[in-house]
Structure formats: C-alpha cells, structure tokens
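Read off the chains here:
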Amino acid sequence: MSNNIHRQPNNIGQAAKHPYIAEEIRGKITEMKESDWKTTHYWVKAHTGKGGNELADTLAKWAATNKNIQESYNKIPKSVVMKDLEEENVKKWQRKLTQTTKGRTTKEYFPDVSERLKMKLQLTQNFTAIVSGHEKTRDYLHRFKIIEEPTCPCGKGDQKTDHTIYAWERLTKKRDRLKKRLYEKINGQLTKRT
Ligand SMILES: [Zn+2]
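These lines cover the structure that appears in this document, whether it is placed above or below.

Reading the values: rules and limits
- Residues numbered from 1 in each chain as written.
- Predicted model: local features only at pLDDT ≥ 70, side-chain atom pairs only at ≥ 80, totals over all residues.
- Helix = DSSP H or I, 4+ residues; strand = E, 2+ residues; numbered from the N terminus.
- Buried ≥ 20, exposed ≤ 12 C-beta atoms within 10 Å, placed from the backbone.
- Contact = placed C-beta atoms within 7 Å.
- Expected span 1.5 Å × (residues − 1).

**Some details on the overall build of the protein chain**
When helices and strands are counted, the protein chain shows ten helices and two strands. Mapped in sequence order, the helices and strands of the protein chain form the string β-α-α-β-α-α-α-α-α-α-α-α. Evaluated residue by residue, the protein chain yields a buried proportion of 4% over its 194 residues. A separation of at least 24 residues holds for 54% of the contacts in the protein chain among residues at least 6 apart in sequence.

What follows is the structure in structure tokens.
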C-alpha cells in the first residue's frame, strides 16, 4: 500500500501556523506506517488538479476560514509534555530530599537526584546496606549495643563506613585496583572526547 502526501505552499503555510495540525499529520503517518503503509512526501505546484492535493487545499482553506472550529495554537506535542512532567517530578523529588532529615547517609552519597538518575548502578544488598548506613561495621554493631567497642581491628580509628572505604588496610589492595580501574575508565572517556 502506498500513500502520497501532497504539499503545496498553502498547505505548508497552514500547517506551520497550526503546530497542532503538523503534529496530527505526523501522528497519522506513524499510525499508517504501523499498518504497513508506505508514505512519501513530495512537493507539487499549486492546483495541479491531483485529487489529494485539491482535497488538502480545500480542507486547509476550510480550517482557516471556519470560525466554529477551536483554535489549537496552544497544543503541545505529547513528548514535550512528558519531558516537562519528568523535569517537574525530579525537582519535586529533589526538594523532598533536601528537606527531609531521613536518609542522612544516603544523601551524603547521592545528594543530587538528577545526577543519580543518570548513573547506571547495579544494586546489590551490600551496596544498598553501605549507602543507606546499614553496613554491619563495628561502629554499626556498637551503636546497636551488640558489641562493646566500635574500634577497627586495624587500630586506626572507629570502624565506620568511611573508614572501611577510605582507610581500612585490609582493603588496600582492592581499593588500589578500583582506583586504577576508575582512573583508566575516566582517562579513556577523556581521550575519546578529544
Ligand atoms: Zn581499620
């Protein structure tokens, strides 16, 4: 099946003045594509007597002169509405996060909602425990009165999450490997960009 969209200066002029019409035409074309229609666009000189063209012209004139149809200048494409809603929601989410006193630890790791949404993270039980401040460190166990001392076996401070991530000597090798990998990854991305 095939369908030809005829265009002539008048049609284009009308469509440009009515973004909603242009949007509607795009929608129809997409719909037809889905049912295996092939659509081609080509420009024809005004009033060549082609059926489709005459019809389009008549409809355009009718729409332009008919006072009874509602004007639709202010209609916005669905994609734009969706994007606006999404942005609005992220803002709301951010406001809530900034105001709340809950989830203090998580907020330290992820203070910015839109930045967090851009990250691809593999969420595991351990990861969630760490970023929510529920990792079973000695400090954690001490806070819940399960053990007597929060001190790390390394003797260089209390075993808080920050200590295990940044300082605990038992993890030095793993930490260095991670640093190296991150360094290579960031470097790689920088080289790709230039
Ligand atoms: Zn330690």
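After presenting the structure, the write-up continues.
**Thoughts on unusual backbone geometry**
Positive phi values are uncommon outside glycine, yet Asp36 reaches one of about 70 degrees. Relative to the assigned elements, Asp36 resides in the loop between helix H2 (19-34) and strand E2 (38-43). Using a count of 8 C-beta atoms within 10 Å as the deciding quantity, one classes Asp36 as exposed. Although it is not a glycine, Lys145 sits at a positive phi angle of roughly 55 degrees. On the secondary structure map, Lys145 appears in the loop between helix H8 (138-143) and helix H9 (161-166).

**Comments concerning helix H4 (residues 78-99)**
Its 22 residues place the ends of H4 32 Å apart at the C-alpha level, agreeing with the 32 Å of an ideal helix rising 1.5 Å per residue. Within H4, only zero of the 22 residues are buried, which leaves it mostly out in the open.

**Focus on the environment of Ile76**
Among the secondary structure elements, Ile76 is positioned in the loop between helix H3 (51-65) and H4. Given 11 C-beta atoms within a 10 Å radius, Ile76 is considered exposed. Expressed as a C-alpha distance, the spacing of Ile76 and Glu23, which sit 53 residues apart in the sequence, is 8.7 Å.

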